[in-house]
Amino acid sequence: MSTAPLELIVLGAGAALPGLGRGPAGYAVRGGGLEGVTLLDCGPGSIRSLADRGLDLLDIRRVVLSHFHADHVLDLFALAFARRNPNLDPDELPEVELIGPVGLAKLLSVRQAPFDLWTRDPRHRLTEVTPDAGGCLRIERDDVVFSAREVQHTVGALGWRVEAPSGASLTYSGDTGETPALAELARGTELLVAECGQALDEEPEMHLNGAAAGRLAAAAGCHGLLLTHFYPHVDPDLAVAAAAETYAGQIHAAVDGTRLVLEPGRPPSRIT
């Protein structure tokens, strides 16, 4: 079990449309008591970028999904394909747990049609999760708590919180409009990783803009805010400025490779 601080590494800070320095959604979490690496979403390019960020394919122990849009899940197939490479010993492959909303098994079943057996991972475990009547859920892995709330995007979309035994936590919005459920999930968190797919003149109904992310961070009382999931038409500097109008804490705009270290009760330390 890792005794290192909880750490977030951004694999993809963009969205479906190509953006300079920002690929589709993917985030790696390690340390804080977690064995290996946990991916929060796994959009196209996430697996390719692992080596660039000093991460190893065989360190991945789980993938936690927010929803099933292609820019968040497509590299599930790349992950399975890579793990079946003949240069890897199948007997030495660690098990990978895939965690996501109901519908994950159906998503993975398409591997049997347009793809071939090379995208069928022989050592994966599938966990579909269902929120309770209040829209909440909680699971534990490696003494780390993963909790989630239903957010305002597709049916069943989830925001996730990862809390280490030390008390340090990060909260990932997934894709969402402005909803109190996200502020409740992120209450007191060291870092709110908030998507920022909308420009300031667009209503934050299915995606957030900088102003909405700032309001949610302020309501949550979190220690730091990382804006991410930028579409090319969204200006990150304007988004940060808008967030700062309502949120007085530390704010960063993510790019691929951004790395933040989290300790309890403190703003995140940005390494890159």
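The paragraphs below set out a description of the structure included in this document. Model, not experiment: these values are computed from the prediction.

## Points about the packing of helix 5 (residues 210-220) against helix 6 (residues 236-244)
And step 1. Relative orientation of the contacting elements helix 5 and helix 6 amounts to 40°, with a least axis distance of 7 Å. Both helix 5 and helix 6 take part in a crossing whose hand is right-handed. Contact residues: Gly-210, Ala-211 and Gly-214 in helix 5; Ala-239, Ala-242 and Ala-243 in helix 6.
And step 2. Among the residues making up the contact of helix 5 with helix 6, the classes are represented as 4 nonpolar, 2 polar and no charged.

## Quick notes on the nonpolar core
And step 1. Among the nonpolar cores identified, the biggest contains 29 residues, and Leu-8, Trp-160 and Leu-170 are the most heavily contacted of them.
And step 2. Looking at this core, the elements with two or more residues in it are strand 1 (6-12), strand 2 (26-30), strand 7 (136-141), strand 8 (144-150), strand 9 (158-163), strand 10 (169-172), strand 11 (191-195) and strand 14 (259-262).
And step 3. Membership of the second largest hydrophobic core comes to 25 residues, among which are Leu-182, Leu-185, Ala-217 and Ile-251.

## What about the pattern of salt bridges?
And step 1. Within the structure shown, the criterion is met by 14 salt bridges.
And step 2. The shortest N-O distance in the salt bridge between Asp-52 and Arg-48 comes to 3.2 Å.
And step 3. Two residues, Glu-184 and Arg-149, come together in a salt bridge whose shortest N-O distance is 2.8 Å. In this pair, Glu-184 sits in helix 4 (residues 180-185) while Arg-149 sits in strand 8, placing the two residues 35 residues apart along the sequence.
And step 4. Here the salt bridges do not stand alone but share partners, grouping Glu-95, Glu-97, Arg-125 and Arg-141 into one network.

## Considerations on the state of the cysteines
And step 1. On inspection of all chains with the given rule, the structure shows 0 disulfides.
And step 2. Free of any disulfide, Cys-136 has its nearest neighbouring cysteine sulfur in Cys-222, separated by 18 Å.
And step 3. Judged by relative accessible area, which is 26%, Cys-136 ranks as partly exposed.
And step 4. This cysteine, Cys-196, is not joined by any disulfide, and Cys-222 carries the nearest cysteine sulfur, 14 Å off.
And step 5. Residue Cys-196 is classed as buried on the basis of its relative accessible area of 0%.

## Quick look at the sheet that holds strand 13 (residues 250-253)
Within a sheet, each strand pairs with its neighbour through backbone hydrogen bonds, oriented either parallel or antiparallel.
And step 1. As summarised here, the arrangement of the 7 strands in space is 7-8-9-10-11-12-13, forming an open sheet in which the pairing is mixed. Sheet topology places strand 7 and strand 13 at the edges, where each strand pairs with a single neighbour. Recorded for the sheet is a direction-independent mean angle of 15° between the axes of neighbouring strands.
And step 2. As paired strands, strand 7 and strand 8 are joined by 6 bridges and run antiparallel to one another. Bridge pairing links Cys-136 to Arg-149 in strand 8.
And step 3. Sheet contacts for helix 5: strand 11 and strand 12 (224-228); angle to strand 12, the most-contacted strand, approximately 155°.
And step 4. The sheet contacts of helix 6 involve strand 12 and strand 13, and relative to strand 13 the element is tilted by about 165°.

Conventions and cut-offs
- Sequence positions are assigned chain by chain, starting from 1 and proceeding in written order.
- Local features in this predicted model are restricted to residues whose pLDDT is 70 or higher, and side-chain atom pairs enter the listing and the counts only when it is 80 or higher, whereas totals over whole chains, interfaces and linings include all residues.
- Side-chain measures here rest on the full set of heavy atoms in the structure, leaving out hydrogens and waters.
- Between N-to-C directions, angles span 0 to 180 degrees; the directions come from axes that are lines fitted to C-alpha atoms, helices contributing only their stretch in contact.
- Runs of H or I in DSSP of at least four residues are treated as helices and runs of E of at least two as strands, each being numbered from the N terminus.
- Should the near helix be turned anticlockwise from the far one by less than a right angle, the crossing is left-handed, and should it be turned clockwise, the crossing is right-handed.
- Contacts were defined at the residue level, with two residues in contact if any of their heavy atoms lie within 4.5 Å.
- Polarity classes work like this: nonpolar for Ala, Val, Leu, Ile, Met, Phe, Trp, Tyr, Cys and Pro, charged for Asp, Glu, Lys and Arg, and polar for all others, with Gly in that last group.
- Among buried residues, the Ala, Val, Leu, Ile, Met, Phe, Trp, Tyr and Cys ones that are joined through side-chain atoms within 4.5 Å form a nonpolar core.
- Exposure classes here rest on a 1.4 Å probe applied to the protein chains alone. A residue is buried below 20% of its type maximum, exposed above 50%, and partly exposed in between.
- By salt bridge we mean one thing: a side-chain nitrogen of Lys or Arg within 4 Å of a carboxyl oxygen of Asp or Glu.
- Pairs of cysteine sulfur atoms within 2.5 Å are what we label disulfides.
- Note on pairing: two strands pair once DSSP finds at least 2 bridges between them.

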